[in-house]
Amino acid sequence: MSETKTITPVKKKQKFLGKYKKDQVLTALLFISPLYLGIIIFYLIPIFQSVFYSFTEWGIFGGYEIIGLENYKRLFKDPELLRAVKNTFTYAIFTVPVAMFIAIFIAVLLNSKIKGKSFYRVIYFLPAVTMTSAIAMIWKWIFNSEFGILNQFLGVFGINGPSWLTDSNWAMISLVIVGIWSSLGTSIVIYLAGLQSISSSFYEAAEMDGAGPIRKFFSVTLPLLTPTVFFNLITSLIGALQIYDLIYLMFSETNPALKSVQSISFLFYRYSFVFNEKGYGAAIVVLLLMITLIITAINFRLQKKWVHYIK
C-alpha cells in the first residue's frame, strides 16, 4: 500500500510593505516627511536653480537673460577664481589630515582609563557647540598684532610676532589653525563612537599573542577604525571645500590679505551679492559642486583598498 504525502501549499513571499498595516505606513511617512521636505526645499531645488541661473546674466534691477555657456567660459579665464581654487585646496590639504590625526590621538586617550574622562570630553566638544561668530571673534583677539595674547606670548621669548590676519604670508596659516581647532570637537566624538564599537575580544586576542599598546593600536584599533576614518574624511573634506564663514568673519573686505585666503564659496558670495553678478556666481558654485562630487567619488572608489569592514 503506497503512502500518501500531503503537499503543503507554498506561500508566496509578501512584499515589504505587505507586512505592515496601511495606517502604520502612513504614520511612518508622516514622521519622515519633514526631513524629505527639508531636503527638497533647501537642497534639491536650490541646486537646480543654481544650475539654471549659471546659464543666465542678471540685470541690476532684476530680470535675466539666457547667455548659454558664457559664464563657464569666463570661469577658466578668471585669475580670481584660479586663486580661490588654490586657496580652497590649500586649506583642505592642511586642515583635514592634521585635524584627523589630532582627533584620533585625543579620542584614543579619552577612550582609555583616565581620571576625569567625562570632563575632558566636554571640554574638547565645546568648539562643536560654539557659534562660528564667537569662534572668529576670540581668534581675532588672539591673532591681533598689537594686543593679541599670541604675540604677547612670543614677546616673552624676544620674538616679534607677525601680523597674523593682515599679512598674506601668515593669513592662510591663521585660518588653518582656526579650522583645525573648530573641527576637533565633532571629529573626536565620531572617533570615540567608532572606538567604543570595537569589541574587546579583538584586544584580548592581541594580548594573548603578546601585542603591546602600540602594536594593538596599529594592528587592531586603526584597521577597525577605518570605516569611521573614512566617514570623517568625507564629511571633513566637504566642509573644508565649502569654507566660507570663518573667512567672512575674520577677514574684512579692506583686509590686504583677503585674496590669499579667499575660497570658492567666498568668491561665490562676492560675485552674487556684492558685485550683483548672480549668473556668474551660480556658475562658480556649480563648479564647486562638481569638484566636491568628483573628490567624493574618488574617495569612495579608493576606500576598497584601505577601509576594513567587519563582516
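For the structure, see preceding data.
**Some remarks on the overall build of the protein**
- For the protein, the count of helices and strands is twelve helices and two strands.
- Tracing the protein from N to C terminus, the helices and strands come up as α-β-β-α-α-α-α-α-α-α-α-α-α-α.
- Taken over C-alpha atoms, the radius of gyration comes to 26 Å for the protein, far larger than the 19 Å a tight globule of 311 residues would show.
- In terms of overall dimensions, the protein has C-alpha extents of about 105 × 65 × 35 Å along its principal axes.
- The buried share of the protein, taken over its 311 residues, is 34%.

**Some words on the packing of aromatic side chains**
- Evaluation of the coordinates by the stated rule reveals 24 aromatic pairs.
- When the ring of Tyr 244 is compared with that of Phe 266, the centres are 6.0 Å apart and the planes differ by 35 degrees; the resulting orientation is tilted. A residue pair is termed long-range when its members are at least 10 positions apart, and Tyr 244 in the loop between helix H9 (213-241) and helix H10 (245-250) and Phe 266 in helix H11 (residues 264-274) qualify at 22 residues.
- We classify Tyr 244 as partly exposed; its relative accessible area is 26%.
- A centroid spacing of 4.8 Å and a plane angle of 85 degrees characterise the contact between Tyr 271 and Tyr 280, whose relative ring orientation is edge-to-face.
- We classify Tyr 271 as buried; its relative accessible area is 8%.
- Among the aromatic side chains, those forming a connected cluster through ring pairs are Tyr 244, Tyr 248, Phe 266, Phe 268, Tyr 269 and Phe 273.
- If you follow Arg 74 out to its NZ or CZ, it ends over the ring of Tyr 280, 3.9 Å from the centre.

**Some remarks on the packing of helix H7 (residues 168-196) against H9**
- For the pair H7 and H9, interaxial distance at closest approach is 9 Å and the crossing angle is 150 degrees. Classed by the angle they form, the pair H7 and H9 counts as roughly antiparallel. Two packed elements cross with a definite hand, and for H7 against H9 that hand is right-handed. Contacts between H7 and H9 involve Ser 187, Ile 190, Tyr 191, Gly 194 and Leu 195 on the former and, on the latter, Thr 221, Leu 225, Thr 228, Val 229, Phe 231, Asn 232 and Ser 236.
- Partitioned by chemical class, the residues of the contact of H7 with H9 number six nonpolar, six polar and no charged.

**Let's talk about the side chain of Thr 228**
- Inspection of the secondary structure puts Thr 228 in helix H9.
- Not counting residues up to four positions away in its chain, the partners in contact with Thr 228 are Ile 190, Tyr 191 and Gly 194.

**Re helix H3 (residues 79-111)**
- In a regular helix each residue adds 1.5 Å, so 33 residues correspond to 48 Å; H3 covers 47 Å between its end C-alpha atoms and thus fits that length.
- The N-terminus of H3 is capped by Asp 78, whose side-chain oxygen sits 3.0 Å from the backbone nitrogen of Glu 80.

Each value, and the rule that gives it
Residues numbered from 1 in each chain as written. Predicted model: local features only at pLDDT ≥ 70, side-chain atom pairs only at ≥ 80, totals over all residues. Heavy atoms only, no water. Helix = DSSP H or I, 4+ residues; strand = E, 2+ residues; numbered from the N terminus. Rg over C-alpha atoms; globule rule 2.2 N^0.38 Å. Buried < 20%, exposed > 50% of the residue type's maximum accessible area, 1.4 Å probe, protein only. Phe/Tyr/Trp six-rings, centres within 6.5 Å; stacked < 30°, edge-to-face > 60°. Lys NZ or Arg CZ within 6 Å of the ring centre and 35° of its normal. Axes fitted to C-alpha atoms, helices over the stretch in contact; angles between N-to-C directions. Parallel < 35°, antiparallel > 145°, perpendicular 65-115°, else oblique. Left-handed = near helix turned anticlockwise from the far one by under 90°. Contact = heavy atoms within 4.5 Å. Nonpolar A, V, L, I, M, F, W, Y, C, P; charged D, E, K, R; others polar. Expected span 1.5 Å × (residues − 1). Polar contact = N/O pair within 3.5 Å; in protein donor to acceptor, adjacent residues only side chain to side chain.

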